Amino acid sequence: MELAGKTILLTGGTAGIGREMARQLRAKGAEVVVTGRNPDRVAAMEAEGYEVIVAGLSDVAGVDALIATWGERPLDILINNAGQGAEQDFRDGSPDPDDGDRCIYTNLSAPIRLTSGLLALLKARPEALIVNVTSGLAIAPSAQGAIYSATKAGLRSFSFSLRQQLASTPVRVIEALPPMVDTQMTAAYDQKKMSAETCAATIISGMEKGRDEIVIGQSNLLRRIYGLSPALARKILLKLG
């Protein structure tokens, strides 16, 4: 897809991978509208000249408010990038269920609800994209990120089904599977991380090429291992934590 001139709604676009995608997409001539809720990050993106819709995507009200704010504006590309982690270790007692619910809603329910609410706008365009940003953990889960991994696996499954359902429409469904990326969410982890700039560039290249799946960095190795032995892939990730 030619990205110049396209109107893009990018959730979670004020930090991390989303911020880098916004910058690189605008450099290609796209009109990029981002969402965020941290006041400092919102102000920083507005200072760069972006339109920012302040929206929390961890509950129904926040998602519906975003859909209402967008209204009937044309929309060529929806990028479901916003994500939330949840450190849920059930060996240490009872984890905070509200924290888990927010993770589930932000990572899985919100992209589904946004897709439902904005699909008519996307179908009205000559060509359109829905880009769901999952994770290598959608292929095989980590023990430490039990709920996070489950949400990304759910979004991956949704992407498969949605792609099939929309095959006869102008809307193409792309899934991007990043490895661990150097962002605020992963600051506490010591593992090797990909830069947000490199990850964003790889996703955008895959969008331009029309790939159904954009499997990035170590996630590609994990997918190959999973293809040979799903049990081995799960064993490796679970042992790593």
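The preceding data block contains the structure.
All of the points below concern the structure found in this document.

What counts, and where the lines are drawn
- Residues numbered from 1 in each chain as written.
- Predicted model: local features only at pLDDT ≥ 70, side-chain atom pairs only at ≥ 80, totals over all residues.
- Heavy atoms only, no water.
- Helix = DSSP H or I, 4+ residues; strand = E, 2+ residues; numbered from the N terminus.
- Rg over C-alpha atoms; globule rule 2.2 N^0.38 Å.
- Buried < 20%, exposed > 50% of the residue type's maximum accessible area, 1.4 Å probe, protein only.
- Core = buried A, V, L, I, M, F, W, Y, C linked by side-chain atoms within 4.5 Å.
- Contact = heavy atoms within 4.5 Å.
- Disulfide = S-S within 2.5 Å.
- Axes fitted to C-alpha atoms, helices over the stretch in contact; angles between N-to-C directions.
- Parallel < 35°, antiparallel > 145°, perpendicular 65-115°, else oblique.
- Left-handed = near helix turned anticlockwise from the far one by under 90°.
- Nonpolar A, V, L, I, M, F, W, Y, C, P; charged D, E, K, R; others polar.
- Salt bridge = Lys/Arg side-chain N within 4 Å of Asp/Glu carboxyl O.
- Expected span 1.5 Å × (residues − 1).
- Arc of directions from axis to C-beta.
- Phe/Tyr/Trp six-rings, centres within 6.5 Å; stacked < 30°, edge-to-face > 60°.
- Lys NZ or Arg CZ within 6 Å of the ring centre and 35° of its normal.

**Considering the overall build of the protein**
Now for step 1: From N to C terminus, the protein includes eight helices and seven strands.
Now for step 2: By the compact-globule yardstick of 18 Å for 241 residues, the protein fits well, its C-alpha radius of gyration being 17 Å.
Now for step 3: Over its C-alpha atoms, taken along the principal directions, the protein stretches across nearly 45 × 40 × 30 Å.
Now for step 4: Per-residue burial for the protein yields a buried fraction of 49% across its 241 residues.

**Side note on the nonpolar core**
Now for step 1: Counting 32 residues, the largest nonpolar core has M21, L25, V32, I77, I79, I203 and M207 as its most contacted members.
Now for step 2: Elements with a contribution of two residues or more to this core: strand 1 (7-10), helix 1 (16-27), strand 2 (31-36), helix 2 (39-47), strand 4 (77-80), strand 5 (128-133), strand 6 (171-177) and helix 6 (196-209).
Now for step 3: By residue number, the principal contributor to this core is helix 6, which donates six residues.
Now for step 4: Those residues in contact with M207 that lie beyond four places of it in its chain are M1, L3, M21, L25, I77, I79, L129, V131, I174 and I214.
Now for step 5: Counting residues in each nonpolar core, the second largest holds 27 residues, with L66, L78, L118 and L119 among its members.

**Focus on the state of the cysteines**
Now for step 1: Tallied over the full model, the rule gives zero disulfides.
Now for step 2: Not part of a disulfide, C103 finds its nearest cysteine sulfur in C199, a span of 18 Å.
Now for step 3: The class of C103 is buried, set by a relative accessible area of 0%.
Now for step 4: You can call C199 buried: its relative accessible area is 0%.

**Describing the packing of helix 4 (residues 97-123) against helix 5 (residues 146-165)**
Working note: a packed helix pair is described by the angle between its axes plus the distance between those axes.
Now for step 1: Put simply, helix 4 and helix 5 touch, their axes get as near as 9 Å, and they point 15° apart. Between helix 4 and helix 5, the angle falls in the class roughly parallel. In terms of crossing hand, the pair formed by helix 4 and helix 5 is right-handed. Touching G100, C103, I104, N107, L108, P111, I112 and T115 of helix 4 are I147, Y148, T151, K152, G154, L155, F158 and L162, all from helix 5.
Now for step 2: A breakdown of the residues in the contact of helix 4 with helix 5 according to their chemical character gives ten nonpolar, five polar and one charged.

**Quick word on the pattern of salt bridges**
Now for step 1: Across all of its chains, the model carries 14 salt bridges by this definition.
Now for step 2: Two residues, E20 and R19, come together in a salt bridge whose shortest N-O distance is 4.0 Å.
Now for step 3: E20 sits in the buried class, given a relative accessible area of 9%.
Now for step 4: A relative accessible area of 25% means that R19 is categorised as partly exposed.
Now for step 5: Across the pair R23 and E48 runs a salt bridge whose closest N-O atoms are separated by 2.7 Å. Of this pair, R23 sits in helix 1 while E48 sits in the loop between helix 2 and strand 3 (51-54), and the two are 25 residues apart along the sequence.
Now for step 6: Salt bridges linked by common partners bring R19, E20, R23 and E48 together as one network.

**A word on helix 6**
Now for step 1: The terminal C-alpha atoms of helix 6 lie 20 Å apart, and with 14 residues this matches the ideal 20 Å at 1.5 Å per residue to within 8%.
Now for step 2: Residues A196, C199, A200, I203, I204, G206 and M207 constitute the buried set of helix 6. In an axial view of helix 6, the angular spread of the buried residues amounts to 160°, which keeps them on one side of the axis.
Now for step 3: Those residues of helix 6 hidden inside the fold are in contact with helix 1, strand 4, strand 5, strand 6 and strand 7 (213-215).

**Remarks on the environment of G18**
Now for step 1: Along the chain, the position of G18 falls in helix 1.
Now for step 2: Sequence separation between G18 and D96 is 78 residues; the distance between their C-alpha atoms is 27 Å.
Now for step 3: Contact partners of G18, with chain neighbours within four places excluded, come to L10, G12, G13 and N81.

**Looking at the packing of aromatic side chains**
Now for step 1: Inspection of every chain in the model, using the stated rule, returns zero aromatic pairs.
Now for step 2: The residue whose ring lies beneath R26 is Y50, and the NZ or CZ to ring-centre distance is 3.9 Å.
Now for step 3: Note that R73 overlies the ring of W70, its terminal NZ or CZ placed 4.3 Å from the centroid.

**As for the packing of helix 1 against helix 6**
Now for step 1: Put simply, helix 1 and helix 6 touch, their axes get as near as 8 Å, and they point 55° apart. With respect to helix 6, the axis of helix 1 lies oblique. Once helix 1 is placed against helix 6, the crossing between them reads as right-handed. On the side of helix 1, the interface is formed by G16, I17, E20, M21, Q24 and L25, while helix 6 contributes A196, E197, C199, A200, A201, I203, I204 and M207.
Now for step 2: Partitioned by chemical class, the residues of the contact of helix 1 with helix 6 number ten nonpolar, two polar and two charged.

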